[in-house]
Amino acid sequence: ASAVDVGGISRDGDQDIVVFSTTESRACVHIANNSGFDPVLNISLSNGLIDGKLGDFTGNGNDDLLSIHSNGEISLQSWDNSTWNLTVALTETIMSNDSFGMPATPVELFVDDFFLNGTVGAVVRDVTGHSTLWYYINNVIGGPIQSFDNIKQNQLMYDLDNDGDL
């Protein structure tokens, strides 16, 4: 396991667990029930998984699965209770800041309500230190909305000035 996240993906009010495996490009989904967890579901994601996180990206009150991949894509999948699986991935290519027309090489993903306005966004940092902010807009992954440069390592999301945003 390379990352673990907790969130309510199955629309039942319980906190579920998703363990991400970058070596196998899988999400191991543990759906909570009244007495513990259902048997684990090992779900294949797009190849080249780098990072995965949970957050209510679509704004429907349930957490979604967001992931970044070595081909430069950010991917969004939601849980479908009718199929007991993730939906087909909605993807968008993250473009490189220093090579026009070339996909970026993403290295890190943050998912949060960065401005405390009730809208969850995704910040993707690439290998050059270029970070881009993405939102779910009109049923697509929209962005980059904002970008910033030169944070090459140890990026942290924190409200440094105590004004309520990250």
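The structure we're discussing is the one just above.
The structure reproduced in this document is the subject of the present report. Given the structure is predicted, the values throughout are model-derived calculations rather than measurements. Counting starts from 1 at the beginning of each chain's written sequence and moves along it residue by residue. Per-residue local features are limited, in this predicted model, to residues with pLDDT of at least 70; the limit for side-chain atom pairs, both in listing and counting, is 80 or more; totals at the level of whole chains, interfaces and linings are taken over all residues. Water and hydrogen atoms play no part in the side-chain values, which are based on all heavy atoms of the structure.

Here we take up the overall build of the chain. Only DSSP runs of H or I reaching four residues or more are called helices, and only runs of E reaching two or more are called strands; each is numbered from the N terminus. Counting secondary structure elements, the chain contains 0 helices and 16 strands. Here the chain holds 166 residues, and the buried ones make up 42% of them. Carbon together with sulfur atoms contributes 48% to the accessible area of the chain, which is approximately 8,600 Å² in total. In this scheme, a residue with accessible area under 20% of its type's maximum is buried, one over 50% is exposed, and one in between is partly exposed, where area comes from a 1.4 Å probe on protein chains only. Note on areas: Shrake-Rupley, 1.4 Å probe, and residue coverage restricted to the protein chains presented here.

This paragraph deals with the sheet that holds strand β8 (residues 64–69). At least two DSSP bridges between two strands are needed for those strands to be called paired. Strand order across the open sheet formed by 4 strands is β7-β8-β9-β12, with antiparallel pairing between neighbours. At either margin of the open sheet sits one strand with a lone partner, and together these are β7 (49–55) and β12 (90–93). Each strand of the sheet is rotated relative to its neighbour by a mean of 20°, with strand direction disregarded. Across 4 bridges, the pairing between strand β9 (residues 73–77) and β12 is antiparallel. In the sheet register, I74 faces β12, and the bridge partner there is E92. Lines fitted to C-alpha atoms define the axes, with helix axes restricted to the stretch in contact, and inter-axis angles between N-to-C directions lie between 0 and 180 degrees.

Think of a sheet as strands paired side by side through backbone hydrogen bonds, with each pair either parallel or antiparallel. Read across the open sheet, the 4 strands follow the order β13-β14-β15-β16; overall the sheet is antiparallel. At either margin of the open sheet sits one strand with a lone partner, and together these are β13 (106–112) and β16 (140–148). Taken pair by pair, the neighbouring strands of this sheet meet at an average axis angle of 25°, ignoring direction.

Turning our attention to the environment of H69. Relative to the assigned elements, H69 resides in strand β8. With 35 residues separating them in the primary sequence, H69 and A104 have C-alpha atoms 9.9 Å apart. Contacts: residue pairs with any heavy atoms within 4.5 Å of one another. Aside from chain neighbours lying at most four places away, what touches H69 is L45, S46, N47, G48, L49, I50, S75 and P106. There is a polar contact of 2.8 Å between the side chain of H69 and the side chain of S67. Under the rule applied, a polar contact is a pair of N or O atoms within 3.5 Å (in protein, one hydrogen donor and one hydrogen acceptor; residues adjacent in sequence only if both atoms are side-chain atoms).

Here we come to the pattern of salt bridges. The working definition used for a salt bridge is a side-chain nitrogen of Lys or Arg within 4 Å of a carboxyl oxygen of Asp or Glu. If you walk through the whole model with that rule in mind, you get 3 salt bridges. We note a salt bridge from R26 to E24, for which the minimum N-O separation is 3.5 Å. One salt bridge in this structure joins R125 and E108, with 2.8 Å as the shortest N-O distance. In this pair, R125 sits in strand β14 (residues 121–126) while E108 sits in strand β13, placing the two residues 17 residues apart along the sequence.

On to the pairing of strand β15 (residues 131–137). With 5 of 7 residues buried, β15 lies mostly within the body of the structure. Note that β14 and β15 share 4 bridges and pair antiparallel. Residue pairing across strands places A122 opposite W134, the latter belonging to β15. Linkage of β14 to β15, two consecutive antiparallel strands, is achieved through a turn of 4 residues, within which G129 is found at a positive phi near 95°. If you look at the hairpin formed by β15 and β16, you'll find 2 residues sitting between the two strands, and N138 has a positive phi there, around 50°.

Another aspect to go through is the environment of W84. The residue W84 is located in the loop between β10 (79–80) and β11 (85–86) in this model. Spatially, the C-alpha atom of W84 lies 8.7 Å from that of S10, the residues being 74 residues apart in sequence. Not counting the four nearest positions on each side in its chain, W84 is found in contact with I31, D38, L41 and W79.

Take the side chain of D16 next. Mapping D16 onto the fold places it in strand β2 (residues 16–21). Here D16 sits buried without a salt bridge, and the closest side chain of opposite charge, R11, lies 9.1 Å off (N-O distance). A polar contact is formed between the side chain of D16 and the backbone nitrogen of A32, at a distance of 2.8 Å. Other than its neighbours up to four places away in sequence, D16 contacts D5, V6, G7, G8, I9, S10, H30, I31 and A32. Counting rule applied: Lys, Arg positive; Asp, Glu negative; His and chain ends not counted.

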